[in-house]
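Structural description and commentary
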Amino acid sequence: MWSVPESTTDRTEWPESAPPPWPAGVRATLWWHRATAAARDLGPEGAVLPVTLAMMVDYLDSPVGPYREILASPVLRAPGRRSGPLPRMAVPFIAVDSEPSVYGGRVHWSLPKVPAAFDGDVHGVFEASSASSFGAWRVSTTAHPRGPRLPIAGALGFAQPAESGERLVTASARLRGHFRYARVSVRAEGPTLADWLVAGTHHGVVITDGRMTTGPAKLR
């Protein structure tokens, strides 16, 4: 499974979880910045957009109950025949505080989820961390929402390499709710994270409230 050291585990068994779709209530902070050379080196292969996109998510309810998550895409897959008509995230780093969610990510969507600890509020000061034997890491964010609360409706897709490496596992998460523009201050530590998840203050948004449904994966 494609991953960076921060999202690597040698554990193979996790508490099982229901197959998709997964509906959930969400609060989140997302941010983005220009991709570094290290981010571009991570891939994926093929045409990409040099933008790093990351997010902290608080799932208020889901098929596996409430849980929190951090994920990041070093670059975005460019639209194309294999990945579809819109840019998609390519996610080698994702962590949660729910073991059934780890199972769901790895089995249902080929996402390299690993366990992590979380603290704080995704709309304010928030932190995710792990003392994994593959490399301890920590990411902290401080969100500064600005401006009016506005409606949002759309989808965010991702495309992961299949086990064979020749095809892609794709899926989309459809969201409806409200958001505000934000400036997001970020710090990242770990074997690779500091090289491509850039520290500093970046453009972003906070999802103040929303309903999101992550659909089943397709093999392309």
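Use the structure listed above.
Definitions and limits used
Residues numbered from 1 in each chain as written. Predicted model: local features only at pLDDT ≥ 70, side-chain atom pairs only at ≥ 80, totals over all residues. Heavy atoms only, no water. Core = buried A, V, L, I, M, F, W, Y, C linked by side-chain atoms within 4.5 Å. Buried < 20%, exposed > 50% of the residue type's maximum accessible area, 1.4 Å probe, protein only. Helix = DSSP H or I, 4+ residues; strand = E, 2+ residues; numbered from the N terminus. Contact = heavy atoms within 4.5 Å.

Before going further, it helps to spend a moment on the nonpolar core. Ranked by size, the top nonpolar core spans 29 residues in total, and within it Val26, Tyr59, Met89 and Ile207 carry the most contacts. When contributions to this core are tallied by element, the ones reaching two or more residues are strand E1 (22-34), strand E3 (51-61), strand E4 (67-73), strand E7 (93-96), helix H2 (99-108), strand E12 (168-189) and strand E13 (200-214). Here this core takes five residues from E1, the largest share from any one element. Those residues in contact with Val26, other than ones at most four positions away along the chain, are Val57, Asp58, Tyr59, Leu175, Ile207, Asp209, Gly210 and Met212. Counting 28 residues, the second-largest nonpolar core is a separate cluster that includes Trp31, Ala54, Met56 and Val114.

A few words on the side chain of Thr141. Looking at where Thr141 falls in the secondary structure, it is placed in strand E11 (residues 137-161). Of the residues examined, Thr141 reaches a relative accessible area of 2% and is grouped as buried. Excluding residues that lie within four positions of it along the chain, Thr141 makes contacts with Trp31, Met56, Gly124, Val125, Phe126, Val184, Ser185 and Val186.

Turning our attention to H2. Counting buried positions over the ten residues of H2 gives seven, a clear majority of the element. Taken together, the buried positions of H2 are Ser101, Val102, Tyr103, Gly104, Gly105, Arg106 and His108. Looking at the packing, one finds that the buried side of H2 touches E1, E4, E7 and strand E8 (113-115). Immediately downstream of H2, the backbone of Ser110 shows phi near 55°, a positive value.

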